[in-house]
Amino acid sequence: MHIMEGFLPPAHCLGWAAVSAPFLVHGAVRLRGVMREYPQARLTLAAAGAFTFVLSALKMPSVTGSCSHPTGTGLGAVLFGPPVMSILGAIVLLFQALLLAHGGITTLGANIFSMAIVGPWVSYATWKLCTSIGLSMAVGVFAGAALGDLATYVTTSVQLALAYPDAATGVAGSFLKFAGIFAITQVPLAIAEGFLTVLVMNALSEKTQVLEELGVVRGRT
Amino acid sequence: MKLISRRARYLLLLGTIALVVLPLVLVKGQYGGTDDAASRAVAASQPGFHPWFEPIWKPPSPEIESLLFALQAALGAGIIGYVLGRIHGAVREREARQEKAPTDVAH
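Per chain, residues are indexed from 1 in the order of the written sequence. Think of it this way: whatever chain is written first is A, whatever ligand is written first is 1, and the rest follow in order. Local features are withheld for residues below a pLDDT of 70 in this predicted model, meaning they are given only at 70 or higher, and side-chain atom pairs are given and counted only at 80 or more; totals for whole chains, interfaces and linings count all residues.

## Quick word on the overall build of chain B
Move 1: Only runs of H or I of at least four residues qualify as helices and only runs of E of at least two qualify as strands under DSSP, and these elements are numbered from the N terminus. Along chain B, the regular secondary structure elements total 3 helices and 0 strands.
Move 2: Starting at the N terminus and walking to the C terminus, you meet the elements of chain B as α-α-α.
Move 3: Within these notes, the globule rule equals 2.2 Å times the number of residues to the 0.38 power, and the radius of gyration is based on C-alpha atoms. A compact globule built from 107 residues should have a C-alpha radius of gyration of about 13 Å, whereas chain B, at 24 Å, is more than 25% larger.
Move 4: Reported as C-alpha extents along the three principal axes, the dimensions of chain B are approximately 80 × 35 × 25 Å.

Now the structure itself:
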C-alpha cells in the first residue's frame, strides 16, 4: 500500500496531505486525552503501536506469487479508537519513508490516509457492527482487522487510479488494474492479520481488565 | 477478558502459519512486492514517466534494507514481548498476594 516517493503528481500529494491533516490533529488531541484518562494503559498503547510496527515490516508471500505486508492497525483502532491509531500509523509510515526509502515524504499524506485513517476506521466500524449484532468479541476483532487491512489496499488502488486514469477505460479501469495487483494478494494476508490480531488482543486482555478499563467492552472497571 | 479458548488459540496460530507457508510451497512465483509492482504499472502506463521526487536517503544495498526491516520488526516484537511480560508479571504478583491473604478476596 506504500505509494513510492514521487509517484503521485504534486497536486495529489498536497490534496491527500490536506485531507489527512485534520484527522491527525484530531488524533493528536485524542492521544493526549487517552494518555491523561488512562495512564495505566500506556503499556497497552505501546503494544498497539509496536504491533503495527512489526506487521507493516513483514512482507509475506501470498497466493498470487507476490509478497505484500499487513498493516496491523486494527488492534489499536479497536483498543484506542481510530484517531489515536492515525498517529501511530503515521509514525510508522514516516519511519519507513525516511529510513527505508519505502513510501515517501511526498506521498506521506496519501499513505497516511489509506493505512492510518481508512484502515483503522473500517476496522473500528466493522468491529462495532459485529459486536452490536451479537457476534463475539473475537469474531468482531477478526473481521475488523481483516477488512481494515483490505480497505487500506483498496484505498491505495483508488488513489493510484485517480492519479493515473486509464486512457481508454478511465479511473474505473485503472482502479481495476491496481486493485488486481493488490487485492487478491492481500486476501490471505488480511485473514492472517485477523487471526494474529485476535491472538494478540487475547494475550493483552486474557488475564487483565484492559478491555473494561478502556471501555472497549462494558463491564466492571 | 478472555476472547478465545486455548484450543482456538492454537488453531489460529496454525492457521496464520498455513496462510503464509502454503502459498510459498504451492504457488510458483517471483514473490516480488506488490508496492513495487504498482510502481511498475504506473511507469508502464505513462510513457516517459519519471518520479518527480527521489527519496532523500536510500539504504545503500538490499542487505542494508533487509537489516532495517528486520530491525523494525525486532523493535516492535521486543516491545510487545516486554508489555506482555509486564502484564503477566503483574497478574502473577496479584495472584500470589491473594493466595497469601485469602481474606482480602472474600468480599
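Picking up where we left off.
## What about the overall build of chain A?
Move 1: Scanning chain A for helices and strands turns up 8 helices and 2 strands.
Move 2: Reading chain A from its N terminus to its C terminus gives the helix and strand order α-α-β-β-α-α-α-α-α-α.
Move 3: Dimensions of chain A along its principal axes, counting C-alpha atoms only, are 60 × 35 × 30 Å.
Move 4: Within the span of chain A, comprising 221 residues, buried residues form 64% of the whole.
Move 5: Look at the contacts in chain A between residues 6 or more apart in sequence, and 71% of them connect residues 24 or more apart. Burial is judged by counting other C-beta atoms within 10 Å of a residue's own C-beta: 20 or more means buried, 12 or fewer means exposed, and anything between counts as partly exposed, with every C-beta placed from the backbone. What counts as a contact is two residues whose backbone-derived C-beta atoms lie within 7 Å of each other.

## So, the nonpolar core
One broad rule of soluble globular proteins: the nonpolar side chains tend to lie buried together.
Residue and element names in this part refer to chain A.
Move 1: Counting residues in each nonpolar core, the largest one holds 93 residues, and the members touching the most others are F51, V141 and V198.
Move 2: Considering every element that reaches this core, the biggest residue donor is helix α6 (residues 137-163), with 15 residues.
Move 3: With residues near it in sequence (within four places) discarded, V141 still touches V78, W127, T197, V198 and M201. Nonpolar core, as used here: buried Ala, Val, Leu, Ile, Met, Phe, Trp, Tyr and Cys residues forming one set through C-beta atoms within 7 Å.

## Examining helix α3 (residues 62-100) of chain B
Move 1: By this rule, a helix spans an expected 1.5 Å times one less than how many residues it contains. Between the first and last C-alpha of α3(B) there are 56 Å, a value that for 39 residues agrees with the 57 Å anticipated at 1.5 Å per step.
Move 2: The inward-facing, buried residues of α3(B) abut α2 (42-55) and α7 (170-205) of chain A.

## Thoughts on the packing of α7(A) against helix α1 (residues 6-26) of chain B
Move 1: Packing of α7(A) against α1(B) leaves a shortest axis separation of 9 Å and a crossing angle of 150°. Relative to α1(B), the element α7(A) is oriented roughly antiparallel. Where α7(A) crosses over α1(B), the handedness of that crossing is left-handed. Only R9(B), L12(B), L13(B), G15(B), T16(B), L19(B), V20(B) and P23(B) of α1(B) make contact with α7(A), whose side of the interface consists of P188(A), I191(A), A192(A), F195(A), L196(A), V198(A), L199(A) and N202(A).
Move 2: In the scheme used here, Gly and all other residues not listed as nonpolar or charged are polar, with Ala, Val, Leu, Ile, Met, Phe, Trp, Tyr, Cys and Pro taken as nonpolar and Asp, Glu, Lys and Arg as charged. Tallied by class, residues from the contact of α7(A) with α1(B) come to 12 nonpolar, 3 polar and 1 charged. Axes here refer to lines fitted to C-alpha atoms; in helices the fit is confined to the stretch in contact. Angles between the N-to-C directions go from 0 to 180 degrees. Each angle gets one of four labels, with under 35 degrees taken as roughly parallel, over 145 as roughly antiparallel, 65 to 115 as roughly perpendicular, and the rest as oblique. Crossings are sorted by hand: turned counterclockwise from the far helix by less than a right angle, the near helix makes the crossing left-handed, and turned clockwise it makes it right-handed.

## As for the confidence of the model for chain B
Move 1: Looking at chain B, pLDDT values average 91 and 94% of them are 70 or higher.
Move 2: Across the whole predicted complex the pTM is 0.94, and at the interface the ipTM reaches 0.91. As a per-residue measure, pLDDT reflects the predictor's confidence and takes values from 0 up to 100.

## A few points about the interface of chain A and chain B
Move 1: Counting residues at the interface gives 58 residues for chain A, matched by 53 residues for chain B.
Move 2: Elements with a minimum of two residues in the side of chain A that touches chain B: α2, β1 (60-61), β2 (67-68), α6, α7 and α8 (210-213) of chain A.
Move 3: The greatest single-element share of the side of chain A that touches chain B, amounting to 17 residues, is contributed by α7(A).
Move 4: Its residues assigned to classes, the side of chain A that touches chain B comprises 38 nonpolar, 14 polar and 6 charged.

## As for the packing of α7(A) against helix α2 (residues 34-45) of chain B
Move 1: Contact pair α7(A) / α2(B): the axes reach a minimum separation of 10 Å and the direction vectors enclose 170°. It follows from the interaxial angle that α7(A) and α2(B) lie roughly antiparallel. For the pair α7(A) and α2(B), contact is made by K177(A), F178(A), I181(A), F182(A) and T185(A) and by T34(B), A37(B), A38(B) and A41(B), respectively.
Move 2: Partitioning the contact of α7(A) with α2(B) into residue classes produces 6 nonpolar, 2 polar and 1 charged.

## Things to note about the confidence of the model for chain A
Move 1: When pLDDT is averaged along chain A, the result is 95, and 99% of the positions lie at 70 or above.
Move 2: In the model of chain A, α8(A) stands out as the element of lowest mean pLDDT, 90, in contrast to helix α5 (residues 108-132) of chain A, which has the highest, 98.

## Describing α1(B)
Move 1: Taking 1.5 Å as the rise per residue, α1(B) with 21 residues should run 30 Å; its terminal C-alpha atoms sit 30 Å apart, in good agreement.
Move 2: The set of residues buried in α1(B) consists of L12(B), L19(B) and P23(B).
Move 3: Those residues of α1(B) hidden inside the fold are in contact with β1 and α7 of chain A.

## Digging into the environment of Y153(A)
All names here are of chain A.
Move 1: Relative to the helices and strands, Y153 is located in helix α6.
Move 2: Owing to 28 C-beta atoms within 10 Å, Y153 belongs among the buried residues under this scheme.
Move 3: Distance in space between the C-alpha atoms of Y153 and A125 is 17 Å, their sequence separation being 28 residues.

## Here we look at unusual backbone geometry
Move 1: The residue A101(A) is not glycine, and still its phi comes out positive at about 55°.
Move 2: Backbone geometry at Y31(B) places phi at a positive 55°, although glycine is not the residue there.
Move 3: Checked against the element boundaries, Y31(B) lands in the loop between α1 and α2.

## Brief notes about the environment of V91(B)
Move 1: Summarising the element assignment, V91(B) is placed in helix α3.
Move 2: When the 13 C-beta atoms within 10 Å are taken as the criterion, V91(B) is described as partly exposed.
Move 3: Along the primary structure V91(B) and G33(B) are separated by 58 residues, whereas in three dimensions their C-alpha atoms are 42 Å apart.
Move 4: Non-local contacts of V91(B), meaning those with residues more than four positions away in its chain, are made with K207(A) and T208(A).

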